[in-house]
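One-letter residues, chain by chain:
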Amino acid sequence: MIRGMWSAASGMAAQQTTIDVISNNLANVNTTSFKKSRAEFQDLMYQTLNQGGAETAGGDQIPTGTQVGMGTETLGVQKMFSQGDFEQTKNDLDVAIEGNGFFKVLSNDLERYTRAGNFKMDSEGNIVTPNGDKLQPEMTVPADTLSVTIDKYGQVTAFDPTGAGVVLGEIELYGFPNAAGLSSLGHNLYMNTDASGEAIFATPGSEGMGTILQGFVEKSNVDVVEEMVNMIMAQRAYEMNSKSIQTADAMLQTANGLKR
Amino acid sequence: MISGLFSSIDSALVQESRFDAIANNIANANTNGFKKDEVISERSSFAFELQQKSSTDFTAGNIIETGNSLDVALDSPGFFKIETDQGERYTQNGAFVLDEQGVLVTENGKKVMGENGPMELGGGIISIGGDGGVFVNGQLVDQLAVVDFNNPQYLVKEGNSIYSHTGTDDNIIQIQNPSVRQGFLEKSNVNPTEEMVKMMEMFRCHESTQQVIQTLGAMTDKMMSGFGLE
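Quick look at the structure, then. (Residues numbered from 1 in each chain as written. Chains lettered and ligands numbered in written order. Predicted model: local features only at pLDDT ≥ 70, side-chain atom pairs only at ≥ 80, totals over all residues. Heavy atoms only, no water.)

## Description of the side chain of Gln 42 of chain A
At step 1: Mapped onto the elements, Gln 42 of chain A comes out in strand 1 (residues 37-43).
At step 2: Overall, the relative accessible area of 5% leaves Gln 42 of chain A in the buried class.
At step 3: Reaching out from Gln 42 of chain A, the side chain makes a polar contact with the side chain of Glu 73 of chain A at a distance of 2.6 Å.
At step 4: Polar contacts involving the side chain of Gln 42 of chain A include one to the side chain of Asn 108 of chain B, which spans 2.7 Å.
At step 5: Setting aside residues no more than four positions away along its own chain, Gln 42 of chain A makes contact with Gly 71, Thr 72, Glu 73 and Leu 75 of chain A together with Asn 28, Thr 31, Asn 108, Asn 160 and Ser 161 of chain B. (Helix = DSSP H or I, 4+ residues; strand = E, 2+ residues; numbered from the N terminus. Buried < 20%, exposed > 50% of the residue type's maximum accessible area, 1.4 Å probe, protein only. Polar contact = N/O pair within 3.5 Å; in protein donor to acceptor, adjacent residues only side chain to side chain. Contact = heavy atoms within 4.5 Å.)

Here it is, written out as structure tokens:
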């Protein structure tokens, strides 16, 4: 049968993946510290119909040969860790990372990483994520605290009504050799994988690491215009691939029509 | 008459190969660094044989901005050199990533070669200069190896955006000062309008061969009945 029909089918499947990824990006346009993904494709294997350099029946040499491709496949869906916009909230426990790095939290006793710095306090004064996962290293804000300051380098200080400050600890940041290899778990959490490498501890502001910005949250890095343009492109590419299938169908019909 | 039948069939088969190439081009309209193929046919010196050959059009694709620090596009002609188990290979897909050791690799895990071999860049802020210099936290680490070919038709597509070179070494040109753009990607050079027009034209050619074959069949019929053999 006609090979091109399957190439076109692979093209349609690829565009479907693109739409899935774009839809998820758009759905998370207002998610704190959400990082957009993009789908990547590569061409599939090639079938060599005749080898370049081979001799034909007529004694000529075929100069380049004939290679026909078999379509496309999804290579991967890659997270893009570019910086999101900052939104000022003036909330003491909202912190944004300006630059590289992740916070470490403990979720169901497992180490997880996040860039969402919209921390809260639980009933015991622990600093937790909105899902209740404790920020590592754990810090407990005393009951009589009036305000909390967090400096550029992650030092957390609590002030009581008399104005006396007590240092609660330091927020740590973690980097990865390959952040794009992290596995997304949902709830703004990431898990390290073989592809990402082991987490590397670093203090905020040290080489290659970002600094901490109190009173801000990092918004999603989804660019709506870009996603819309990509969506148009994916939709049209999907349509074109379906035209290839229709053409292949009509060609087979033509072949069928040879015998009346 | 029978030879006319054979060349018509040959022609229909060529149209089918042309279609395969067009469908593959369209399927890869969004594949980074993809270069379109075309199947053409020419009459060989041997009487009725139609010879097929495919050629790849290496004109540059559109360059789009992604803002991702590991996306690299070549603004000048050339290919990135990568290392595979089978030896040196080449690619124009500049969407690179880091592997678990922090080594710069293509998205299917093949090491990207610098002038001094694979490059370990993990953990820092990576920037790539306009001449292909690779910096980590501002320190020059290596230079991206970029090569071009006197005759690119010696490149064979292996799939996965990878080319292997079948020519001799003197066909390879080392590019000393490539023009590299970080945060950009070269998209596919497939032009959808052109492919749709080619598809329409191919389809009608295929239809006409059907007409020729049917006419030849009708003529044979007539001839047979003329001789009273029916």
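## So, the interface of chain A and chain B
At step 1: Taken together, the contacts link 62 residues of chain A with 61 residues of chain B.
At step 2: Overall, the association of chain A and chain B removes approximately 4800 Å² of surface from exposure, summing both partners, and the carbon and sulfur fraction of that is 55%.
At step 3: Looking at the side of chain A facing chain B, the largest losses of area belong to Gln 67, Met 240 and Met 251 of chain A, adding up to 12% of the total buried there.
At step 4: Counting every contact that joins chain A to chain B gives 2 salt bridges.
At step 5: In this structure, Arg 3 of chain A and Asp 20 of chain B form a salt bridge, with 2.7 Å as the shortest nitrogen-oxygen distance.
At step 6: Per element, the largest residue contribution to the side of chain A that touches chain B is 12 residues, and it comes from helix 2 (residues 224-256) of chain A.
At step 7: Looking at side-chain class alone, the side of chain A that touches chain B contains 25 nonpolar, 27 polar and 10 charged residues. (Buried area = accessible area lost by both parts, 1.4 Å probe. Salt bridge = Lys/Arg side-chain N within 4 Å of Asp/Glu carboxyl O. Nonpolar A, V, L, I, M, F, W, Y, C, P; charged D, E, K, R; others polar.)

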